[in-house]
Amino acid sequence: MSEDVRLVAWVRGRVQGVGFRWFTRAKALELGGLSGFALNLGDGRVQVVAEGPRGRCEGLLDWLQGEDTPGRVDGVTEIWDTPRGGYDGFAIR
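Attention here is on the structure that accompanies the text. (Residues numbered from 1 in each chain as written. Predicted model: local features only at pLDDT ≥ 70, side-chain atom pairs only at ≥ 80, totals over all residues. Heavy atoms only, no water.)

### Some thoughts on the pattern of salt bridges
In the structure shown here, the tally under the stated rule is 7 salt bridges. Among the ionic pairs, R6 bridges to E51, the shortest N-O distance being 2.7 Å. Linking R6 in strand β1 (residues 4–14) with E51 in strand β3 (residues 46–53), this pair joins segments that are 45 residues apart in sequence. Its salt-bridge partner being D74, residue R72 comes within 2.8 Å of it at the nearest N-O pair. Each of E3, R54 and E58 takes part in one network of salt bridges that share partners. (Salt bridge = Lys/Arg side-chain N within 4 Å of Asp/Glu carboxyl O. Helix = DSSP H or I, 4+ residues; strand = E, 2+ residues; numbered from the N terminus.)

Structure below.
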């Protein structure tokens, strides 16, 4: 049985204006069982919050750090926490 977790990731690089949030949402939906959002930040990063089974959150993080993302990812900083809930699906903000 997989415990539910909360992943918060900040993605640096050329990740705005390239469809990054849309593809992040699509990947979260493909993995299934995840709720949360992807949000452009004023400093050029994208913040990704995902809640759900640990293995699926780890799959999303692996994708964020991989080479299949749009644009160019220079680095990802993540923190893990307990889920807070309150999300209806996975949104683009």
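### Details of the sheet that holds strand β4 (residues 72–81)
Taken in spatial order, the 5 strands make up an open sheet running β4-β1-β3-β2-β5, and their pairing is mixed. Each having just a single partner strand, β4 and β5 (90–92) make up the two edges of the open sheet. Each strand axis lies, on average, 15 degrees off the axis of its neighbour in the sheet, ignoring direction. Judged from the 6 bridges that link them, strand β2 (residues 35–40) and β3 form a sheet pairing that is antiparallel. Bridging from a neighbouring strand, A38 pairs with V48 of β3. Along the sheet face, helix α1 (residues 20–31) touches β1, β2, β3, β4 and β5 and points at about 175 degrees away from the line of β5. (Pairing = 2+ DSSP bridges. Axes fitted to C-alpha atoms, helices over the stretch in contact; angles between N-to-C directions. Contact = heavy atoms within 4.5 Å.)

### Points about helix α2 (residues 54–65)
Counted at 1.5 Å a residue, the expected span for α2 with its 12 residues is 16 Å, and the 16 Å between its end C-alpha atoms agrees. Within α2, the full set of buried residues consists of C57, L60, L61, W63 and L64. Down the axis of α2, the sector holding all buried residues measures 160 degrees, keeping them to one side. As for α2, its buried residues are in contact with β1, α1, β3 and β4. (Expected span 1.5 Å × (residues − 1). Buried < 20%, exposed > 50% of the residue type's maximum accessible area, 1.4 Å probe, protein only. Arc of directions from axis to C-beta.)

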